[in-house]
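Descriptive structure summary
Below are the chains, spelled out letter by letter.
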Amino acid sequence: MTTTWTRIRPVLLGALGVGLVVAVWDLYKAFGPEEGVRLGERTLILPRTTDLAMPHSWEMVQRFGEPVTSLAGSPTAFEAVWDAGLFSLGLATRGWVIGVVIGLLLALVMCRFRIAESAILPWVVLSQTVPLIAIAPLVRRWGSQIDLFGHVWTSEDSVAVIAAYLAFFPVAVGALRGLKSPARTHLDLMHAYGVGWWRTLLVLRLPASVPFLLPALRLGAASAVVGAVVAEVSIGLKGGLGRMVIDYAQSASGDPAKPWAPIFGAVAIGLVAAGAVGLIGLALRPFRVTGAFR
Amino acid sequence: MSAIEVRGVDRVFTRGRNRVDALTAVDLEVRAGEFVSLIGPSGCGKSTLLRLVADLDAPTSGAISVFGKTTRQARLDQDYGIAFQQAGLLPWRTVTANVELPLKLHGMDKAARRARVAELLELVGLSDFAKSHPDQLSGGMQQRVAIARALAEQPRLLLMDEPFGALDEITRERMQNELVRLCAETGAAVLFVTHSIPEAVFLSDRVVVMSPRPGRITGIVDIRADGLVPAHDRAAGVREESGFFRAVAEVRAILHGGSGIPAPDGARGVDLR
Ligand SMILES: Nc1ncnc2c1ncn2[C@@H]1O[C@H](COP(=O)(O)OP(=O)(O)O)[C@@H](O)[C@H]1O
Ligand SMILES: [Mg+2]
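Note that the structure is predicted; figures quoted are calculated from it, not measured. (Residues numbered from 1 in each chain as written. Chains lettered and ligands numbered in written order. Predicted model: local features only at pLDDT ≥ 70, side-chain atom pairs only at ≥ 80, totals over all residues. Heavy atoms only, no water.)

1. A short note on the layout of surface pockets
In this structure, the largest pocket spans a volume of roughly 510 Å³. Looking at the lining of the largest pocket, the elements with two or more residues in it are α3 (77-112), α4 (114-127), α7 (184-192) and α8 (197-235) of chain A. (1 Å grid on protein atoms, 1.4 Å probe; cavity = no way out; pocket = protein on both sides within 12 Å on 5 of 7 lines; lining within 4 Å. Points joined across faces, edges and corners; volume = space filled by probe spheres on them. Helix = DSSP H or I, 4+ residues; strand = E, 2+ residues; numbered from the N terminus.)

Below, the structure written as C-alpha cells:
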C-alpha cells in the first residue's frame, strides 16, 4: 500500500508540475496584457501575449500532427522531429560513451598517482571554460587530419567528440571523488590483508564510487545531449535537432507553434538519456548504500 | 616466543617544519596469549605504536618483531587480525560477505568459507543477522562483526584500536565481557588501545601507560599483581573486587605523573576525552 504510493507519488508530482507550467502559460496568455509587462519604458519583464509571441499550448501539441511544410509529400512535424531526435540522440550517446570512458580513465590515473592529480585536474576544470564555438572548428580541422585505418573523419564524428568533451568532465570529477571516498580504516584494512592496488580498486574503491558516479553519469548524459545539439549547429551538420531548431525558427512569423517542436524534441531526448542512466543505477543498486560507510 | 617485541622504537613525523615526536625510545614485549592495553591521553602515540606493529607505518628507528618475524612478513602471513574504532564494514556487503572478505581475498574455497563464517557469527552471537547489511545493525553489533572479521583467519595476535570507543557505557561493558570470552576461546594475544582506565584494567594482564610530547611509556602495571585472575578467566564480577579498584588507582596515579595521589576529577577527564 505505502510502497505503491511512494512509487506513484513522484510520477504524480511530475505530471502535476508539467500541468502547472501549462496552466500558467495559458492563463497568462488569456489574461495577460497584449503588449506584455514592462518595467519603466524599455525593460520587458513578461512576454507579449499575442498569438505570434505565445502560441496556445494545444496549438504547439497540434502542430506535431501537421505536415512540416505545405509541399506535397511533406512528413508531419512529429515524424521529422522523431527522426532528428533519434539522430541527435545517437550522436549524444556516442559522445557520452567516449566521454565516460575517458572520464573514468582520467579518474583512475588521478586516483593512482598523486602527481597526476595535481597535473591533470586543473586542466580538466580549465577545459570546461573554453566556449563550444571555439572548439568546433578546431575539432573539425584536427579530425580531418586523423587517418584511422582508412576511416574518413565525418561531421558526425566531430559532433560526437564535442559531446564527449562536455560529458567527460562530470564523470572525471565525480569518479575521482568516489574512488577517493573510502575511509582510512578501509584502506588500512586492505593493506593489512596484503592486497595490492588493483584488488583494492575492485573490492573497495569501485563499489565505493558508485554513489558518486551515478549522478555524474546522469550529468554527463545531459551534457552530451546539449553538446550534441549545439555542436550540430557549430559544425553545420544537418539531420539533427540542432539544425532543426535554427531552420524552424525562421518560420516563426507565419507559423508560431512550429519552432517549439524541435525544442520539445530536445527536452524529450534529454529525458530519454537521463532515464537510460537511471537504468544503470537500477543495475548498480546494491552499491548505492552509503549509510554505514564510516 | 613473544608475540610482539618492540625495541628502542622512535617515530618522528615531519610535516614541513613541524616535527612531532610521536614515539620516543619505546620498549615493549607482549607474550603469546597475553592481553596488553595501551592507555594515555590523546596524542600520546597509542595508535602510532599499534600501526607500527601492524606494518601500516614504519618506525624512524628501532626494531619491531612479531612472532620473531619482521612486521611486514607477519602482515603478509596474516599473523594478526585488526579492528579499529570505526567498524569499517563495507556497506554494500552483507554481514556474511563482510566477515568472509579476508578469507576470500586469501583464496579460501567457498564451502570452507561458509562454514568458517557461520562459526564466527555464532561466536559473536550474530547468526540471525547473517544476511543483514551493516546499516541495519546497531553500533555494538557492527563492532561485533568487525571483531568476527578480525578473528576470521584464526590469528595468534589481535590488534585493536579503541574498538569500543564509540559505544555507550552499557554496550561497552557487555562487549568487554564478550571479548574476554573470545580471547579465552581463541588463546590469541591482544594489543588493545583504550582511553578508559576501568576498561584497560578489566581486560588486561598488563596495562601500559603512555604520555605525550614526546610520546613514551611512563609505566607498566601488572594487573595480576593486584590479585586479579589472568585476563582470560575474568568474569563481570571482577569489576567489584578490591584488587580491581587498587589497579585502577595505580594506573590513574601513573597517568597523572606518578604522584600516587589520584586527582579527584582529573582522572575522569581521561575517560571523557
Ligand atoms: N600520519 C601522521 N602525520 C603526522 N603526524 C601524525 C601522524 N599520525 C600521528 N601523528 C601525530 O603523532 C602523535 C600521536 O598520534 P596518535 O598515535 O594518533 O595518538 P593517540 O592514538 O594516542 O591519540 C599526534 O601528535 C599526532 O598528531
Ligand atoms: Mg588513536
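2. Brief notes about the pairing of strand β10 (residues 216-222) of chain B
All names here are of chain B. Where strand β9 (residues 206-211) lies against β10, six bridges are found, and the strand directions are antiparallel. Bridging from a neighbouring strand, Val 207 pairs with Val 221 of β10. The turn linking β9 back onto β10 is made up of four residues, and Arg 213 within it adopts a positive phi angle of 45 degrees. (Pairing = 2+ DSSP bridges.)

3. A closer look at a positive patch on the surface
Residues and elements named next belong to chain A. A contiguous patch of positive charge on the surface is contributed by Arg 7, Arg 218, Arg 285 and Arg 288. Position of Arg 218 among the secondary structure elements: in helix α8. Classification of Arg 218 as partly exposed rests on a relative accessible area of 42%. (Patch = residues over 30% accessible without salt bridge, like charges linked within 9 Å, V, L, I, M, F, W, Y side chains within 5 Å. Areas by Shrake-Rupley, 256 points an atom, 1.4 Å probe, with all protein chains shown as cover. Salt bridge = Lys/Arg side-chain N within 4 Å of Asp/Glu carboxyl O. Lys, Arg positive; Asp, Glu negative; His and termini not counted. Charge placed at Lys NZ, Arg CZ, Asp CG, Glu CD. Buried < 20%, exposed > 50% of the residue type's maximum accessible area, 1.4 Å probe, protein only.)

4. Some remarks on a nonpolar patch on the surface
Residues and elements named next belong to chain A. Residues Trp 5, Ile 8 and Leu 12 make up a contiguous nonpolar surface patch of roughly 300 Å² in combined accessible area. Along the chain, Ile 8 turns up in helix α1 (residues 2-31). Given a relative accessible area of 42%, Ile 8 falls into the partly exposed group.

5. Observations concerning the pattern of salt bridges
Residue and element names in this part refer to chain B. Overall, the coordinates contain 25 salt bridges over all chains when judged by the stated rule. Note that Glu 34 and Arg 224 form a salt bridge whose closest N and O atoms lie 3.7 Å from each other. In this pair, Glu 34 is assigned in the loop between β2 (18-31) and β3 (35-39) and Arg 224 in the loop between β10 and α8 (242-255), connecting sequence segments 190 residues apart. A residue is classified by how much of its surface remains accessible, and Glu 34, at 5% relative accessible area, is buried. For Arg 224, a relative accessible area of 30% gives the class partly exposed. A salt bridge links Arg 239 to Glu 173; the nearest nitrogen and oxygen atoms lie 3.9 Å apart. Remark: Glu 173 occurs in helix α6 (residues 169-186) and Arg 239 occurs in the loop between β10 and α8; sequence separation between them is 66 residues. When salt bridges that share partners are traced, they join Arg 31, Glu 34, Asp 205, Arg 206, Asp 222 and Arg 224 into one network.

6. Describing the sheet that holds strand β1 (residues 2-15) of chain B
Spatially, β2-β1-β4-β5 (chain B) is the arrangement adopted by the four strands of the open sheet, whose pairing is antiparallel. Of all strands in the sheet, those with a lone pairing partner are β2 and β5 (69-70) of chain B, marking the two edges.

7. Observations concerning the interface of chain B and chain A
Between chain B and chain A, the residue contacts involve 24 residues of the former and 22 residues of the latter. Taken over both partners, the interface formed by chain B and chain A buries close to 2200 Å², and the fraction arising from carbon and sulfur atoms is 64%. On the chain B side of the interface with chain A, the three residues burying the most area are Pro 91, Trp 92 and Leu 105 of chain B, jointly 32% of the side's total. At the junction of chain B with chain A, the criterion picks out one salt bridge. Taken together, chain B and chain A are joined by ten residue pairs in polar contact (both at pLDDT 80 or more). Taken together, the elements giving at least two residues each to the side of chain B that touches chain A come down to α2 (71-76), β6 (80-83), α3 (95-105) and α5 (139-151) of chain B. (Contact = heavy atoms within 4.5 Å. Buried area = accessible area lost by both parts, 1.4 Å probe. Polar contact = N/O pair within 3.5 Å; in protein donor to acceptor, adjacent residues only side chain to side chain.)

Note that every value here comes from positions in space, so none of it alone points to a role or purpose.
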